[in-house]
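Reading the structure
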Amino acid sequence: MCTFCSFKCGFIFFNMVFMASGVALLTIGVLNNPTFQELGEIAGKTLTKIAIVLIAVGSIITVVSILGCLGAFFDNYKLVLSFLCCLVIIILMEIITGAIVYTFYSKMILNPSALANIKGSLNYMDKMKMVISEYSPEKRAAIDRIQEKLKCCGADGPDDWATSVGWEDHEATPDSCCVEKGAGCGKEKDKANKKGCIKAIYLFLGKRLMAVGVICICLAIAECFGVFIGALFSCKIKQKDYDNMS
């Protein structure tokens, strides 16, 4: 009986940690979603899917962990077995996702222009330049927020505003470019962020893609322990059912 309780406690503990990781991914996805939505407005809708994937994965992990907890609380063999099947599928998906993300990240490091060749964002860099050049009223808010959040200015740098059709004062930049924010600070062009938003977005995505890849691989490794302890726990439940029947 003590052995059964030990396996049950270990299985519940794993599920609590598993659920916490799901909630963490869900929270990260929700918090980053507004930034990715803004990036999507000015650099292609494909970029918005990263946050959606995090939200989806976090939700699935949370639901599956609840299934495991229910199986443990009710000592239900079928629920625990269903949890294990779901967990194995999640592990395989995480390994594949981690490998894809790592491969993509490696290509980005070796060839920054690779980001422009992703299906759905073929003209990522060209679109960014076009959006800055047009600076249309419906996209100004998104552009300004991205420049503030990523501490960047223009597509390639502050000089892009000197040729922008939608920006009237070619001797200045929008206030969102300023290193130190203040009303009218954009008139001092030399105090604007020097980094272009194409490079800033590239670095922003690179860091997050690498983080997603590492998280997926780490979760997959940790979840292998969950499969092991879950399999042992399901065997103990089966054994307990046989003992009760006899």
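The name given to the protein chain in an unreviewed UniProt entry is Tetraspanin, with Champsocephalus esox as the source organism. Turning to the protein chain, the UniProt annotation filed under Sequence similarities (unreviewed entry) states: "Belongs to the tetraspanin (TM4SF) family." If you open the UniProt record of the protein chain and go to Subcellular location (unreviewed entry), you find "Membrane".

The next thing to look at is the side chain of Asn 193. With respect to the secondary-structure elements, Asn 193 resides in the loop between helix 5 (137-149) and helix 6 (197-245). Those residues within four positions of Asn 193 in sequence are excluded, and the remaining contacts are Lys 151, Cys 152, Cys 153, Pro 158, Cys 177, Cys 178 and Val 179.

Together, Lys 151, Lys 181, Lys 195, Lys 199, Lys 207 and Arg 208 make up a positively charged patch on the protein surface. Within the fold, Lys 151 resides in the loop between helix 5 and helix 6. Residue class for Lys 151 comes out exposed when judged on its relative accessible area of 54%.

Turning our eyes to something else, we now look at a nonpolar patch on the surface. On the surface, Ile 66, Leu 70, Phe 73 and Phe 74 cluster together to form a nonpolar patch covering roughly 420 Å² of accessible area. Structurally, Ile 66 is set in helix 2 (residues 49-73).

What follows deals with the UniProt feature "transmembrane region" (unreviewed entry) in the protein chain. Mapped onto the present numbering, the UniProt feature "transmembrane region" (unreviewed entry) falls at residues 12-31, 52-74, 80-105 and 209-233. From the first C-alpha to the last, residues 12-31 spans 28 Å; its make-up is 100% helix and 0% strand. With 100% helix and 0% strand, residues 80-105 has its two end C-alpha atoms placed 36 Å apart.

What follows covers helix 5. In this model helix 5 runs 19 Å from its N-terminal to its C-terminal C-alpha over 13 residues, within 8% of the 18 Å that 1.5 Å per residue would give. Taken together, the buried positions of helix 5 are Ala 142, Ile 143, Ile 146 and Gln 147. Projected onto a plane normal to the axis of helix 5, the buried residues spread over an arc of 135° and lie on a single side. Trailing helix 5 by a residue or two, Lys 151 shows a phi angle of about 55°, which is positive.

Looking at the protein chain, pLDDT values average 85 and 89% of them are 70 or higher. The least confident element of the protein chain, judged by mean pLDDT, is helix 3 (residues 77-110) at 82; the most confident is helix 5 at 92.

All right, on to the state of the cysteines then. Overall, the coordinates contain three disulfides when judged by the stated rule. Through a disulfide, Cys 152 is tied to Cys 197; the S-S separation comes to 2.1 Å. Measuring the twist about the S-S bond at about 85°, one finds the Cys 152-Cys 197 disulfide to be right-handed. Of this pair, Cys 152 sits in the loop between helix 5 and helix 6 while Cys 197 sits in helix 6, and the two are 45 residues apart along the sequence. Exposure remark for Cys 152: the relative accessible area of 0% places this residue in the buried category. Here Cys 178 pairs with Cys 185 through a disulfide, and the sulfurs are 2.1 Å apart. With the S-S dihedral at roughly 110°, the linkage between Cys 178 and Cys 185 falls on the right-handed side. Accessibility classification places Cys 178 together with Cys 185 in one group, the buried group. Cys 5 takes part in no disulfide bond, and the closest cysteine sulfur, belonging to Cys 9, lies 6.3 Å away. Residue classification places Cys 5 among the partly exposed residues on the basis of a relative accessible area of 37%. Cysteine Cys 85 remains unbridged, with the sulfur of Cys 86 as its closest cysteine sulfur at 6.9 Å.

Let us now look at the environment of Gly 213. Structurally, the position occupied by Gly 213 is in helix 6. Look at Gly 213 and you get buried, because its relative accessible area is 8%. Those residues in contact with Gly 213 that sit more than four places away from it in its chain are Gly 98 and Val 101.

The next subject is the environment of Gly 206. Residue position: Gly 206 is located in helix 6. Residue class for Gly 206 comes out buried when judged on its relative accessible area of 7%. With 102 residues separating them along the chain, Gly 206 and Phe 104 place their C-alpha atoms 9.2 Å apart.

Definitions and cut-offs
Residues numbered from 1 in each chain as written. Predicted model: local features only at pLDDT ≥ 70, side-chain atom pairs only at ≥ 80, totals over all residues. Heavy atoms only, no water. UniProt positions renumbered as here; feature names shortened; annotations may be inferred. Helix = DSSP H or I, 4+ residues; strand = E, 2+ residues; numbered from the N terminus. Contact = heavy atoms within 4.5 Å. Patch = residues over 30% accessible without salt bridge, like charges linked within 9 Å, V, L, I, M, F, W, Y side chains within 5 Å. Areas by Shrake-Rupley, 256 points an atom, 1.4 Å probe, with all protein chains shown as cover. Salt bridge = Lys/Arg side-chain N within 4 Å of Asp/Glu carboxyl O. Lys, Arg positive; Asp, Glu negative; His and termini not counted. Charge placed at Lys NZ, Arg CZ, Asp CG, Glu CD. Buried < 20%, exposed > 50% of the residue type's maximum accessible area, 1.4 Å probe, protein only. Expected span 1.5 Å × (residues − 1). Arc of directions from axis to C-beta. pLDDT = per-residue confidence, 0-100. Disulfide = S-S within 2.5 Å.

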